[in-house]
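Working through the structure, step by step
One-letter residues, chain by chain:
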4 protein chains.
Amino acid sequence: MKGFAMLGIGKTGWIEKERPECGPMDAICKPLALAPCTSDVHTVWEGAIGDRHGLILGHEGIGEVVEVGSLVKDFKPGDRVIIPAITPDWNSVEAQGGFSMHSGGMLRGWKFSNIKDGMFGEFFHVNDADGNMALLPEGMDLAAATMLSDMVPTGFHGAELADVQYGDRVAVIGIGPVGLMGVAGAALRGAAEIYAVGSRPNCIKVAKEYGATYIINYKEGDIVKQVLELTKGKGADKVIIAGGDNDTFDQAIRMLKPAGRIGNINYLGFGDYINIPRVEWGVGMGHKVITGGLMPGGRLRMEKLALLIHNKKLDTSKLVTHKFNGFENVEKALLLMKDKPADLIKPVVIL
Amino acid sequence: MKGFAMLGIGKTGWIEKERPECGPMDAICKPLALAPCTSDVHTVWEGAIGDRHGLILGHEGIGEVVEVGSLVKDFKPGDRVIIPAITPDWNSVEAQGGFSMHSGGMLRGWKFSNIKDGMFGEFFHVNDADGNMALLPEGMDLAAATMLSDMVPTGFHGAELADVQYGDRVAVIGIGPVGLMGVAGAALRGAAEIYAVGSRPNCIKVAKEYGATYIINYKEGDIVKQVLELTKGKGADKVIIAGGDNDTFDQAIRMLKPAGRIGNINYLGFGDYINIPRVEWGVGMGHKVITGGLMPGGRLRMEKLALLIHNKKLDTSKLVTHKFNGFENVEKALLLMKDKPADLIKPVVIL
Amino acid sequence: MKGFAMLGIGKTGWIEKERPECGPMDAICKPLALAPCTSDVHTVWEGAIGDRHGLILGHEGIGEVVEVGSLVKDFKPGDRVIIPAITPDWNSVEAQGGFSMHSGGMLRGWKFSNIKDGMFGEFFHVNDADGNMALLPEGMDLAAATMLSDMVPTGFHGAELADVQYGDRVAVIGIGPVGLMGVAGAALRGAAEIYAVGSRPNCIKVAKEYGATYIINYKEGDIVKQVLELTKGKGADKVIIAGGDNDTFDQAIRMLKPAGRIGNINYLGFGDYINIPRVEWGVGMGHKVITGGLMPGGRLRMEKLALLIHNKKLDTSKLVTHKFNGFENVEKALLLMKDKPADLIKPVVIL
Amino acid sequence: MKGFAMLGIGKTGWIEKERPECGPMDAICKPLALAPCTSDVHTVWEGAIGDRHGLILGHEGIGEVVEVGSLVKDFKPGDRVIIPAITPDWNSVEAQGGFSMHSGGMLRGWKFSNIKDGMFGEFFHVNDADGNMALLPEGMDLAAATMLSDMVPTGFHGAELADVQYGDRVAVIGIGPVGLMGVAGAALRGAAEIYAVGSRPNCIKVAKEYGATYIINYKEGDIVKQVLELTKGKGADKVIIAGGDNDTFDQAIRMLKPAGRIGNINYLGFGDYINIPRVEWGVGMGHKVITGGLMPGGRLRMEKLALLIHNKKLDTSKLVTHKFNGFENVEKALLLMKDKPADLIKPVVIL
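Within every chain, residues take consecutive numbers counted from 1 along the sequence as written. In the order they appear in the text, chains get letters beginning with A and ligands get numbers beginning with 1. Predicted model: local features are reported for residues with pLDDT of at least 70 only, side-chain atom pairs are reported and counted for 80 or more only, and whole-chain, interface and lining totals are derived from all residues. Side-chain calculation: all heavy atoms of the structure are included, whereas hydrogens and water are not.

Description of the overall build of chain A
- Broken down by element type, chain A carries 11 helices and 17 strands.
- C-alpha atoms define the radius of gyration, and 2.2 Å times the number of residues to the power 0.38 defines the globule rule. What you see for chain A is a C-alpha radius of gyration of 20 Å, in line with the 20 Å of a compact globule of 351 residues.
- Projected onto its principal axes, the C-alpha positions of chain A cover 60 × 40 × 40 Å.
- For chain A, with 351 residues in total, the buried portion stands at 67%.
- Entry remark: accessible area of chain A is about 11,500 Å², with carbon and sulfur atoms responsible for 51%.
- This count recognises Lys and Arg as positive and Asp and Glu as negative, with His and chain-terminal groups excluded. Note that the charge is assigned to NZ on lysines, CZ on arginines, CG on aspartates and CD on glutamates. When the 38 basic and 41 acidic side-chain charges of chain A are each reduced to a single mean position, those positions are 6 Å apart. Counting from the N terminus, the helices are the DSSP runs of H or I reaching at least four residues and the strands are the DSSP runs of E reaching at least two. Exposure classes here rest on a 1.4 Å probe applied to the protein chains alone. A residue is buried below 20% of its type maximum, exposed above 50%, and partly exposed in between. Accessible surface is estimated by sampling points in the Shrake-Rupley manner with a 1.4 Å probe; for residues, cover comes only from the protein chains shown.

Spelled out as structure tokens, the structure:
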């Protein structure tokens, strides 16, 4: 079969590979819709997971089941399914402890285009099909549904990590597609005032539609100062970090109330340390909680988030700014994600 | 001063009383807007808190501060303030333990028109002004703001007690004004599918606007069966009880998934026991959590909920179906609440 | 192979059966130590799970692995393992939602001697071996370890359901082996004062050793009154129910503080309803949380609880009052459990 | 009245001051037992809270009430009371939000010897007496009780912040008196294996008595490596930081499992930043929660922790290595705390 792969750091191309084999718990799917992710860009051009040769990329997609293993109970060939970017081993001790995304080791619930081939192939393999696939609800738009693999669960997890509650003032730093889902996720947990930090006009427009109350643009001054002014010096109750780098945590701590929480969902690719400012962190005793986590994957999560779209509580179509038709355009879509033109939020390829 | 009071079980009328005195921590306010509550109806016509003679009614209102005690730091005469129905003693051990509404004993955080005179007087007394009042945001509509005293915090507490999470299927039993806020509160915590149980056309219309996905009408069959059908036999993830009686818990358990939660915010006025069906409760081991609680009051809660209205995340004006002008109409508004005409959700009196 | 089985309601006996087959994820074990449970008594003599013919009993035991399926990674023949009473399907949506004991439906994580043969056979089958077995730590006493299958996780879950916190006053109703583990579990979560409700002298002695501060004996008066007296009328912070019947909930609510919690771990075998007293439950608004749940099983739980015994934080040997040698004594042990002589807490059979 | 005070950075001495005045909510006490704290040492010799002239030191003590304000309901002159180091304003929005220690601003619940005179005077002032004092249980040893003001609640809060659960492997870094209470607190929340990091022989001895399973001595090699070896490379489930400096967080992250938690209770006096190692923190997505917090004070907490001592669940007398008699010895006790002789854990002065 054909697949679009990483050939080495900085290099991509089409390769031929064997169709993956299906174990007793697994499924083989063919893609119906695919989306490239900034993580694919990190993987190829930043060497985020190391050098790889012939690793098929992609971990966001909707598929059609073509084969299932003998122990699979709930799916059959022909089913149209949502596949999450994170597909844990559900019987691992980590999953039993509530953190399936770290099954088998830190971040090891992430398998597609990391420890096995991704979805940008004519066929792809899903481990633990019953545990990791969800039926695509009838009539759901494929492009909008593709956002369920990673953008929605990652962004919403930011709001969970930050533990947004009714009436909170929440800063969301970074309003790319994940940050926009952080904004939507904060609004859907009852945030009363959302400070969206970003500067790209198309993202600002969509951030407001998802519930941002104020836009904080770093070009108009220190973002910490802007948040403190809007909160009359008190700071935000919660901060979701969906962009920036190690230094963003310094800003986040400074704009955060005592007993606030930082929920990071941004991949940190460079540098040795994240620096937490001692005094603003309350000399160690300010109850400012710092956490960050890979999205929860698996079937239940997909089913629940899909229901939000199905019942029109969430409109992910706003994220999809570029649509392509045909498997061969996966390459074009990925390069678009790499080059980030001004009008891009997220491209999707329909097959 | 004049006040509209309970004169005995089943009897109300205007009385003359001394203006309340202001302790060092307290404030005296005059009402700017008032609303009667179903609880006032329970108090007078069902003797819910026992027989009372000359107890001024009312615990929902917006006021203007006319006097503050010597220890009050954050308020001064002339301030326009939201006053919650529940005004705890914040230094009590119960409040320290996280349950201020039970400060001094179960439900004893409820003081207005219960253990002291309520708000339907020319003046009323607020204990612990700094802890229990919140500034009315600039430009907020008085009638809409009055819903902050009780309707919003009670309804939203239902969604908190039921612990609504992203993608949940939530049944809300009862869609009077509190239940409608239960619907809105569930939607604002990320419920994906809301089954609103009710039959009054005006409430149904507003329930849908607040986020109800399906309306369950008891006239169209057993409500448990209807919910089970809509959930393909699985049951709802969570149930908010905002109406009905002791038997409603039986229905709630039957329509609830294992490991689901029931959050009750309905006053139970009659009968000796609430009956929990043994088998459907998992012979004691189904992890179906049953709880119910008086709303959290106090300043922080009012500030947070007011911000939701201020930033247009929540529109309480939909609840206000009847508006009166003039203090003297408090009586008319209360009788309306008692008689519940078909077009009523909630009346407000503007002074 | 031989097995000791339920032959019909009220009837037990030895039967011959095929050795169970081992699926790809599974293991076959032979027992090293076994214990009968009150649930076995309910099953046989009360028909708790319906009539069954030829169902091998038993769900508490330590075993030696004799065969593993092709997908099992962490165990091999010869390993000595702890097997929990509850062996969930870890990839089910229920397990993903945090309630593995209800995988596949309410209480369906309980498989041994319920929906498949139990452990009282020459061999028994463990579904999802990697997910549901734990290595027996070196040098651990077999009889003491057998308490890990059910007694420890069930009793400790009571303290979790009741959410015992530092300094709490906790009532534990029922001090059979499960209730005794409720006492130990409450003590190990920081309870400051434990009211153990029971009357059997040997259990009272052990309850004190596990941390009970006061013994409440129903023969000395109303147990509610006794708890209220000891708490100066305030009531207990938490109640763990590990015995009694439906009416015990009435007592538990009456002895519980507002905002307290009831954690039930007792199987309720009879009656239609559990009756919750309306007024003492705060007319629906007292925040007295009522919950109950089947123990969490699985590997992680077994590993964690075993470590407590291994490091001498918990001594389960106090529970084992009767020890037998030889498989054939399983019958005698079960009858002992049924007849409950005065000196019995828990019998174990070593093979 | 006389008081022992900070006269400037690095200088202490006895001063004369007016007896403090008693507001309507307050109490005036005279000390019965006092203990100096490492924080007093930080205050005087490290200038931790800035330069102060004539600030009476001390925030750990047991007192006798000599005067109460007109609004105080539950205490009267002659009562013997425990006074916590942290005495919040309970009606503040921060306390209403669950973080009373930050009432009025980050860490501002700490008033004694910080924003007002401390307890090392002939008399001292307690704000909000009903909210911040607890009756000393009959017969409790004064020296042991003095540990309730700060050592117990601070150490135990470490175990709460780290969210220790049944069966956890917990590292406690630092085993001075606070760290020892971290060990005891972890044991009392069900930790199965405790790695106590320290090197002083007397502290090691007591750490074992409080429940430490292994002692990790930095003199015997890298502490991270030692913890990883003991946990077979998996890392600890939780880390309590009760000593060290900014760099300790780097070690803590490295010895911590994915999805683990760090609870810091150590005052961080120097340096600009706490450095979190990026890769070991899971490139931002490892769910390793970092938090730290000032102890919760107030009456309820004191009552609950006192009950643990009263019922012999906790023996704080092990901490008290040096006992003095007479108010004048406060100076000697403080200097002992500063000089830390090998046999010191905690000195107490009985008056």
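After that view, the rundown keeps rolling.
Overview of the relation of the copies chain A and chain D
- The fit set for superposing copies consists of C-alpha atoms from residues with pLDDT of at least 70 in both; the fit itself is least squares. Mapping chain A onto chain D calls for a screw motion: a turn of 180° about the axis and a shift of 0.0 Å along it, with 0.0 Å RMSD after fitting. Viewed as a symmetry operation, the transformation between the two copies matches a two-fold axis.
- Here a residue-residue contact requires only that any non-hydrogen atoms of the pair lie within 4.5 Å. When the interface residues of chain A are mapped onto chain D, 100% of them again lie at the interface, so the same face is used by both copies.

Comments concerning helix α11 (residues 330-339) of chain B
All names here are of chain B.
- Turning to α11, its buried residues are V330, A333, L334, L336 and M337. Around the axis of α11, the buried residues are gathered within 155° of arc, so they sit on the same side.
- Phi turns positive one or two residues past the end of α11, at K340, with a value near 45°. Directions from the helix axis toward the C-beta atoms define the arc.

A word on the interface of chain A and chain D
- In this complex, chain A contributes 46 residues to the contact, which on the side of chain D involves 46 residues.
- We define buried area as the total accessible area lost by two parts upon association, computed with a 1.4 Å probe and summed across both. Between chain A and chain D, roughly 3,700 Å² of surface is buried when both sides are summed, and carbon and sulfur atoms account for 65% of that area.
- The largest share of the area that chain A buries against chain D comes from R278(A), M285(A) and H287(A), three residues that together contribute 21% of it.
- When a carboxyl oxygen of Asp or Glu lies within 4 Å of a side-chain nitrogen of Lys or Arg, that pair is called a salt bridge. Remark: the boundary between chain A and chain D carries zero salt bridges.
- Of all the secondary structure elements, the ones that give two or more residues to the side of chain A that touches chain D are α5 (151-161), α9 (248-254), β13 (256-264), β14 (273-277) and β15 (289-292) of chain A.
- For the side of chain A that touches chain D, the leading source of residues is β14(A), giving five residues.
- Three classes are used, and their members are as follows: Ala, Val, Leu, Ile, Met, Phe, Trp, Tyr, Cys and Pro are nonpolar, Asp, Glu, Lys and Arg are charged, and the others, Gly among them, are polar. Classifying every residue of the side of chain A that touches chain D by side-chain character gives 23 nonpolar, 15 polar and eight charged.
- Here β14(A) pairs with strand β14 (residues 273-277) of chain D via five bridges, running antiparallel. Note on β14(D): the bridge partner recorded for I274(A) is I276(D). Between any two strands, pairing holds if DSSP finds at least two bridges.

Observations regarding the pattern of salt bridges
- Across all of its chains, the model carries 71 salt bridges over all chains by this definition.
- Where E209(A) meets K318(A), a salt bridge forms, and the shortest distance between an N and an O atom there is 3.0 Å. Here E209(A), found in helix α7 (residues 201-210), pairs with K318(A), found in the loop between α10 (299-310) and β16 (320-325); they are 109 residues apart in sequence, far enough to count as distant.
- Ionic pairing is found between D168(B) and K304(A), a salt bridge with its closest N-O pair at 2.3 Å. Residue D168(B) is located in the loop between α5 (151-161) and β9 (169-173), and its partner K304(A) is located in helix α10; the two belong to separate chains.
- A cluster of three or more residues bridged by salt bridges with shared partners is formed by D74(A), R299(A) and E303(A).

Focus: the sheet that holds strand β4 (residues 55-56) of chain D
Residues and elements named next belong to chain D.
- The strand order across the open sheet built from three strands is β2-β1-β4, with neighbouring strands paired in antiparallel fashion. Two strands close off the open sheet at either side, each with one partner strand: β2 (11-16) and β4.
- With two bridges connecting them, strand β1 (residues 2-8) and β4 associate as antiparallel partners. Looking at β4, one finds that M6 is bridged to L55.

Let's talk about the interface of chain B and chain D
- The partner chain D presents 15 residues to the 15 residues of chain B that form the contact.
- Across the contact surface, chain B and chain D share zero salt bridges.
- Counting of polar contacts relies on pairs of N or O atoms within 3.5 Å, with two restrictions inside protein: one atom must be capable of donating a hydrogen and the other of accepting it, and residues adjacent in sequence are counted only when both atoms are side-chain atoms. Applying the counting rule to chain B against chain D returns eight residue pairs in polar contact (both at pLDDT 80 or more).
- Listed by contribution, the elements that provide at least two residues to the side of chain B that touches chain D are α2 (93-96), α3 (129-132) and α10 (299-310) of chain B.
- For the side of chain B that touches chain D, the element with the highest residue contribution is α10(B), accounting for three residues.

Observations regarding unusual backbone geometry
- The residue H287(A) is not glycine, and still its phi comes out positive at about 55°.
- The class of H287(A) is buried, set by a relative accessible area of 3%.
- The backbone phi angle of A259(B) is positive, close to 65°, even though this residue is not glycine.
- By secondary structure assignment, the location of A259(B) is in strand β13 (residues 256-264).
- You can call A259(B) buried: its relative accessible area is 18%.

Section: the pairing of β13(B)
Residues and elements named next belong to chain B.
- Alignment of strand β12 (residues 236-241) against β13, held across five bridges, turns out to be parallel. Paired with V239 across the strands is I262, a residue of β13.
- Relative to strand β15 (residues 289-292), β13 is paired through four bridges, and the arrangement is parallel. Residue pairing in the sheet places G263 in a bridge with T291 of β15.

A word on the side chain of R189(C)
- Within the secondary structure, R189(C) sits in the loop between α6 (177-187) and β10 (193-197).
- A polar contact is formed between the side chain of R189(C) and the side chain of D163(C), at a distance of 3.1 Å.

Focus on the sheet that holds strand β1 (residues 2-8) of chain A
All names here are of chain A.
- With antiparallel pairing, the three strands of this open sheet are ordered in space as β2-β1-β4. Edge positions in the sheet fall to β2 (11-16) and β4 (55-56), since each of these pairs with one other strand and no more.
- Taken together, the six bridges between β1 and β2 define a ladder with antiparallel strand orientation. Residue pairing across strands places K2 opposite E16, the latter belonging to β2.

A short note on the packing of helix α1 (residues 38-45) of chain C against helix α11 (residues 330-339) of chain C
All names here are of chain C.
- The contact between α1 and α11 brings their axes to 9 Å, and the two run at 85°. Considering the angle they form, α1 stands roughly perpendicular to α11. Across the interface between the two elements, T38, D40, V41 and W45 from α1 touch L334, L335, M337 and K338 from α11.
- Split by residue class, the contact of α1 with α11 holds five nonpolar, one polar and two charged. Angles here are taken between N-to-C directions and fall from 0 to 180 degrees, while the axes themselves are lines fitted to C-alpha atoms, restricted in helices to the stretch in contact. In what follows, roughly perpendicular refers to angles from 65 to 115 degrees, roughly parallel to angles under 35, roughly antiparallel to angles over 145, and oblique to any angle outside these ranges.

Regarding the relation of the copies chain B and chain D
- Under the fitted operation, chain B is carried onto chain D by 0.0 Å of movement along the axis and a turn of 180°, and the coordinates agree to an RMSD of 0.0 Å.
- An overlap of 100% is found between the interface residues of chain B and their copies at the interface of chain D, pointing to a shared contact surface.

Some points on the packing of aromatic side chains
- Two aromatic rings from Phe, Tyr or Trp, using only the six-membered ring of Trp, form a pair when their centres are within 6.5 Å; if the ring planes differ by under 30 degrees the pair is stacked, by over 60 it is edge-to-face, and anything between is tilted. Tallied over the full model, the rule gives 24 aromatic pairs over all chains.
- Aromatic pair F112(B) and F124(B): ring centres 6.0 Å apart, planes at 85°, arrangement edge-to-face. Linking F112(B) in the loop between α2 and β7 (124-126) with F124(B) in strand β7, this pair joins segments that are 12 residues apart in sequence.
- Judged by its relative accessible area of 0%, F112(B) falls in the buried class.
- An aromatic cluster of at least three residues, connected via ring pairs, comprises F4(A), W14(A) and F327(A).
- Over the ring of F123(B) we find R19(B); its NZ or CZ atom is 5.1 Å from the centre of that ring.
- The criterion is that NZ of a Lys, or CZ of an Arg, lies within 6 Å of the ring centre and within 35 degrees of the ring normal, and then a charge sits over that ring. The positively charged end of K2(D) is found above the aromatic ring belonging to W14(D), 4.9 Å away from the centroid.

Looking at the side chain of N311(D)
- Turning to its location among the elements, N311(D) is positioned in the loop between α10 (299-310) and β16 (320-325).
- Using a relative accessible area of 16% as the deciding quantity, one classes N311(D) as buried.
- Engagement of the side chain of N311(D) in a polar contact is seen with the backbone oxygen of A192(C), the distance being 2.8 Å.
- Setting aside chain neighbours within four positions, we find N311(D) in contact with A192(C), E193(C) and T213(C).

Re helix α8 (residues 223-230) of chain D
All names here are of chain D.
- Along α8, the residues classified as buried are I223, V224, Q226 and V227. All buried residues of α8 fall inside an arc of 165° around its axis, so they share one side. Of the exposed residues in α8, those oriented more than 90 degrees away from the buried face are K225 and E229.
- Packing partners of the buried residues in α8 comprise β9 (169-173), β10 (193-197), β11 (214-216), β12 (236-241) and α9 (248-254).
- K232 sits one or two positions beyond α8 and adopts a positive phi of about 55°.

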